[in-house]
Amino acid sequence: MSVDGSYKILLGISGGIAAYKTPELVRRLTERGATVQVVMTRAAGAFVTPLSLQAVSGRPVRTALLEPEAEAGMDHIALARWADLILLAPATAHLMARLAHGFADDLLTTLVLASAAPVTLAPAMNRQMWRHPATAANLRLLEARGCRVLGPAEGAQACGETGPGRMLEPAEIAAALLDGTPQGGPPPGDATGLLADVPVLLTAGPTREAIDPVRYVGNRSSGKMGYALAAALARAGARVSLVSGPASLPCPPGVECVGVESAAEMHAAVMARVGDCAIFVAAAAVADYRPAAPLPGKLKKAADRLTLELVRNPDILAEVAALPAGPFTVGFAAETEALAAHAEAKLRGKGLDMIAANLVGRGVGFEADDNALLVLWPGGRCSLPTLPKPALAAALTELIAERYAASVTG
Ligand code: PMT
């Protein structure tokens, strides 16, 4: 966050014809209150000039790694840490391939590797290139690592062909990134100082409760919310341990990840570590019940009806909150109705310091890229609007940092 509370966006421009639209994109982002730092690849300079982008962004454009003059101001590592969000627009097939394979052969790819900020791509390329299996595989890799992808749109292309591959319009990209956010970003505040070196333990993802060796009772949690929160807490300086149920997401940079499968395993992993943490956050969708007697062999199909007996799992969050001299404890509440009432009941019932409540259902809360939260604590509340989960996680991190700081200073 800038000193004036605006959202800091590092805009990476690669060499495609859609680069000519980026001065307009900078305008759309800055009019929503964002501060934009442009970084261009060498090829981007064939389509748009650094001077135009400097004029609209009001900041010198960065183009090369280890430029003595630029490095003397803000070096590339400081620039990587400066960004709240990295937007790559247009993202060419070549840039996507370099990012997918971890190249750091110019300033832009180095910054992406050196930054823990969430990355959004707005791809733009010829339709055949977009459909090529190599691009599709690179896209899957990038998405699996948590990159958000906006577009591309379908339509007439600069090469004269028609199909998918057009970069989304600047106004659409800016709206998808920033609309609904106060001042172009999450609420101002600097979590970094407040959480420096604070040990945080977090749960995320679903749990799987075995019925037999091949089947389980599970839920729709993807882990996106919890992993984004782990990344945001680590970016804010916390020492984060993440106990996660099965999720196909990479461990966020700087986070210690512990993989578990069932609620019982998550309970054991949390209880073994909770003594060392100052803040505990429960973002996991833990199964409340498990099959009473999982079968040693595969259940055979026989009768028309089958009854599965379930027994209660331990409530990890409630147990942590009840510890004498336990950590500052943040729960989540996943509700399909009466969000505030159910969240308040959980806040009080489990004796929590804070609760982040979200509406859930098919495609809402669970699995989705965006989410909204109602955050409650004893004597206060804050609504965080619909945002991409990484941006929402950054906003929640600031609230956690503020409330935690208030709790330790009394
Ligand atoms: O993973 P995503 O696809 O990104 O989706 C995110 C999410 C919807 C899973 C997440 O935002 C969320 O709401 N997580 C909590 C889900 C949940 O189980 O809520 P609950 O209201 O049933 O549980 C209340 C709290 O108790 C939660 O903090 C939960 O982690 C905790 N709990 C519940 C049961 C249990 N046995 N042990 C627990 O610790």
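Residues numbered from 1 in each chain as written. Predicted model: local features only at pLDDT ≥ 70, side-chain atom pairs only at ≥ 80, totals over all residues. Heavy atoms only, no water.

### Here we look at the overall build of the protein chain
Heads up, the condition is: Secondary structure follows DSSP: runs of H or I at least 4 residues long count as helices, runs of E at least 2 residues long count as strands, and numbering of each begins at the N terminus. Values of the radius of gyration come from C-alpha atoms, whereas the globule rule sets the reference at 2.2 Å times the count of residues to the power 0.38. Buried, partly exposed and exposed residues are distinguished by accessible area as a fraction of the type maximum, computed with a 1.4 Å probe on protein chains only: under 20%, between the cut-offs, and over 50%, respectively. By definition, residues are in contact when any of their heavy atoms lie within 4.5 Å. Reported accessibility uses the Shrake-Rupley method at a 1.4 Å probe radius. Residues are deemed covered only where the shown protein chains occlude them. Charge convention: Lys and Arg are scored as positive, Asp and Glu as negative, and His as well as the terminal groups of each chain are ignored. Charged groups are reduced to one reference atom each: NZ for lysine, CZ for arginine, CG for aspartic acid, CD for glutamic acid.
A tally of helices and strands in the protein chain yields 15 helices and 19 strands. Taking 22 Å as the expected radius of gyration for a compact globule of 410 residues, we find that the protein chain reaches 23 Å, a close match to that expectation. The proportion of buried residues among the 410 residues of the protein chain is 50%. Long-range pairs, those at least 24 residues apart, make up 68% of the contacts in the protein chain with a sequence separation of at least 6. When the accessible surface of the protein chain is summed, it comes to about 18400 Å², and 54% of that surface belongs to carbon and sulfur atoms. Computed over 36 positive and 38 negative side-chain charges, the separation of the two mean positions in the protein chain equals 5 Å.

### Overview of the pairing of strand β13 (residues 279-282)
When a strand is regular, its side chains alternate between the sheet's two faces. The condition that has to hold: At least two bridges found by DSSP between two strands are what make those strands a pair.
Neither face of β13 is exposed, since I279 and V281 on one face and F280 and A282 on the opposite face are all buried. Pairing geometry for strand β8 (residues 199-204) and β13, over 4 bridges, is parallel. Paired with L202 across the bridge in β13 is V281. Bridging between β13 and strand β16 (residues 328-335) involves 4 bridges; their strand directions are parallel.

### Thoughts on the domain arrangement of the protein chain
For clarity, the cut-off: Note that domain bounds follow an automatic or database assignment of domains. Reported buried area values correspond to the accessible surface (1.4 Å probe) lost by two parts on association, with both partners' losses combined. Take a side-chain nitrogen of Lys or Arg and a carboxyl oxygen of Asp or Glu: if they are within 4 Å of each other, that pair is a salt bridge. Here a polar contact is recorded for every N or O atom pair within 3.5 Å, except that within protein the pair must consist of a potential hydrogen donor and a potential acceptor, and residues adjacent in sequence are included only if both atoms are side-chain atoms. Under this grouping Gly is polar, as are all residues other than the nonpolar Ala, Val, Leu, Ile, Met, Phe, Trp, Tyr, Cys and Pro and the charged Asp, Glu, Lys and Arg.
Domain annotation of the protein chain identifies domain 1 (8-178) and domain 2 (199-297 + 305-409). The centre of domain 1, based on its C-alpha atoms, is set 33 Å off from the matching centre of domain 2. Every contact between the two is made by 8 residues of domain 1 and, on the other side, 7 residues of domain 2. In total, domain 1 and domain 2 occlude about 710 Å² of area from one another, counting both sides; carbon and sulfur atoms represent 65% of this. In terms of surface lost to domain 2, no three residues of domain 1 exceed A116, P118 and R148, which account for 55% of the buried area on that side. One can count 1 salt bridge joining domain 1 with domain 2. Here D370 ties to R148 by a salt bridge, and the two come within 3.7 Å at their closest N and O atoms. Applying the counting rule to domain 1 against domain 2 returns 1 residue pair in polar contact (both at pLDDT 80 or more). Per-class residue counts for the side of domain 1 that touches domain 2 are 6 nonpolar, no polar and 2 charged.

### Examining the pattern of salt bridges
Counting across every chain of the model gives 14 salt bridges. With a closest N to O distance of 2.7 Å, R28 and E31 form a salt bridge. Put simply, D369 and K224 hold a salt bridge, and the shortest N to O gap is 2.9 Å. Of this pair, D369 sits in the loop between β17 (354-359) and β18 (370-377) while K224 sits in helix α11 (residues 224-235); the two residues are 145 residues apart in sequence, bridging distant segments of the chain. Ionic contacts of the salt-bridge type, sharing partners, join the residues E24, R28, E31 and R32 into one network.

### A look at the site of the ligand
As a reminder, the rule being used: Here a residue counts as near a molecule or strand whenever at least one of its heavy atoms sits within 4 Å of it.
Inspection of the region around the ligand gives 28 residues, with S221, S222, A284, K346 and N358 positioned closest. In the environment of the ligand, a nitrogen atom lies 2.9 Å from a nitrogen or oxygen atom belonging to the backbone of A283. In this structure, an oxygen atom belonging to the ligand sits 2.4 Å away from a side-chain N or O atom of K346. Taken together, the elements giving at least two residues each to the shell around the ligand come down to α11, α13 (316-321) and β16. Among the elements that make up the shell around the ligand, the one with the highest residue count is β16 (4 residues). Taken together, the residues that form the shell around the ligand break down as 15 nonpolar, 6 polar and 7 charged.

### Concerning the side chain of E209
Residue placement: E209 occurs in strand β9 (residues 209-210). Of the side chains bearing the opposite charge, R290 lies closest to the buried E209, which forms no salt bridge; the N-O distance is 5.7 Å. A distance of 2.8 Å separates the side chain of E209 from the side chain of T207, its partner in a polar contact.

### Examining the sheet that holds strand β1 (residues 8-13)
Stated precisely, the cut-off is as follows: Between N-to-C directions, angles span 0 to 180 degrees; the directions come from axes that are lines fitted to C-alpha atoms, helices contributing only their stretch in contact.
The strand order across the open sheet built from 5 strands is β2-β1-β3-β4-β5, with neighbouring strands paired in parallel fashion. A single partner strand is all that each edge strand has here, and the edge strands are β2 (35-40) and β5 (148-149). Where β1 lies against strand β3 (residues 85-91), 4 bridges are found, and the strand directions are parallel. Each bridged residue has a counterpart across the sheet, and for I9 the counterpart in β3 is L85. Each of β1, β2 and β3 is contacted by helix α1 (residues 22-30), which is oriented at about 150 degrees to β3, the strand it contacts most. Here helix α9 (residues 170-178) sits on the sheet and contacts β1, β3, β4 (119-123) and β5; the angle it forms with β3, its principal contact strand, is near 160 degrees.

### Section: helix α2 (residues 50-57)
Selection rule: Taking the helix axis as origin, the arc is that swept by the directions to the C-beta atoms.
When α2 is considered as a whole, its buried residues turn out to be L53, V56 and S57. The buried residues of α2 occupy an angular sector of 90 degrees when the element is viewed end-on, so they sit on one face. Exposed residues lying more than 90 degrees from the buried face of α2 are L51 and A55. Turning to α2, the residues buried within the fold contact β1, α1 and β2. Just downstream of α2 lies G58, where phi reads positive at about 75 degrees.

### Digging into α1
Taken together, the buried positions of α1 are occupied by T22, P23, L25, V26 and L29. Take α1 and look down its axis: the buried residues cluster within an arc of 155 degrees, on one side only. Next to the buried residues of α1 lie β1, β2, α2, β3 and α9.

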